[in-house]
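As a plain string of letters, each chain reads:
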Amino acid sequence: EKVKYINSYISGLYSARQKDLLNTKKEFQKRWNKAERTFFELTDEVFGSPTWPAGNYIGFVSILPIGPRFLETKEFQSCWLWPDKIVSQVTHELLHFQFYNAVNMANESKNYSDNTIWHLSEIFNDIIQTKDDFIDLQGFRPEVYYPDHAKHLSKYRSLWEKSKSITEFIESSLPMADADFSTSS
């Protein structure tokens, strides 16, 4: 009964806001079009001119104030109420796709839990998205996405700065992330 009510409410909200959502989609696309080239140039530097995982990357406008990503389908959602943060949020999700790809390419994913890799991917994004070039791209310095990560950020940032490549960072930081987060959910 509750699920039926919630589904009905959400469907009604999407219907009632259809025009707003379409306008938001156009605005999001316009903002991303301006940032896209710079984003890929910056990520080439971060990941060493990577090949992106095959797929059709799709962002959806959502009424929900969260930004989930779906690695298998290369899809993510952006809240329609985040027009000023859209470049940062798309950057965040696309960095995740490439980070997980780098973990897989380094053959490290089988050695660590999904939870450990997720925590490290969020910390990695916090590091990258607060670099000066990324701040310029996004138009602001994002807050740490998960406050529990703040106390760990400096040691991972130091590892990133010492690393010669994304692979070296992953190989040196995953054991540390496993120790830091293996018991958290």
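Quick note: structure is the one above.
Residues numbered from 1 in each chain as written. Predicted model: local features only at pLDDT ≥ 70, side-chain atom pairs only at ≥ 80, totals over all residues. Heavy atoms only, no water.

**Q** What is the right way to read the sheet that holds strand S3 (residues 75-79) from this model?
**A** The sheet built from three strands is open, its strands ordered S1-S3-S2 with mixed pairing. The sheet is open, and its two edges are formed by strand S1 (58-62) and strand S2 (69-70), each paired on a single side. Inspection of the sheet shows S2 paired to S3 by two bridges, in the antiparallel sense. Considered in S3, the bridge of Arg69 is made with Phe76. Contacting S1 and S3, helix H2 (residues 18-47) runs over the sheet at an angle of about 140° to S1. Contacts from helix H3 (residues 86-105) reach S2 and S3 within the one sheet, and its direction differs from that of S3 by about 160°. (Pairing = 2+ DSSP bridges. Helix = DSSP H or I, 4+ residues; strand = E, 2+ residues; numbered from the N terminus. Contact = heavy atoms within 4.5 Å. Axes fitted to C-alpha atoms, helices over the stretch in contact; angles between N-to-C directions.)

**Q** Help me out: how do you make sense of the nonpolar core in this one?
**A** Counting 38 residues, the largest nonpolar core has Phe124 and Ile166 as the members making the most contacts within it. When contributions to this core are tallied by element, the ones reaching two or more residues are H2, H3, helix H4 (114-129), helix H5 (132-138), helix H6 (153-162) and helix H7 (166-181). The leading source of residues in this core is H3, at 10 residues. (Core = buried A, V, L, I, M, F, W, Y, C linked by side-chain atoms within 4.5 Å. Buried < 20%, exposed > 50% of the residue type's maximum accessible area, 1.4 Å probe, protein only.)

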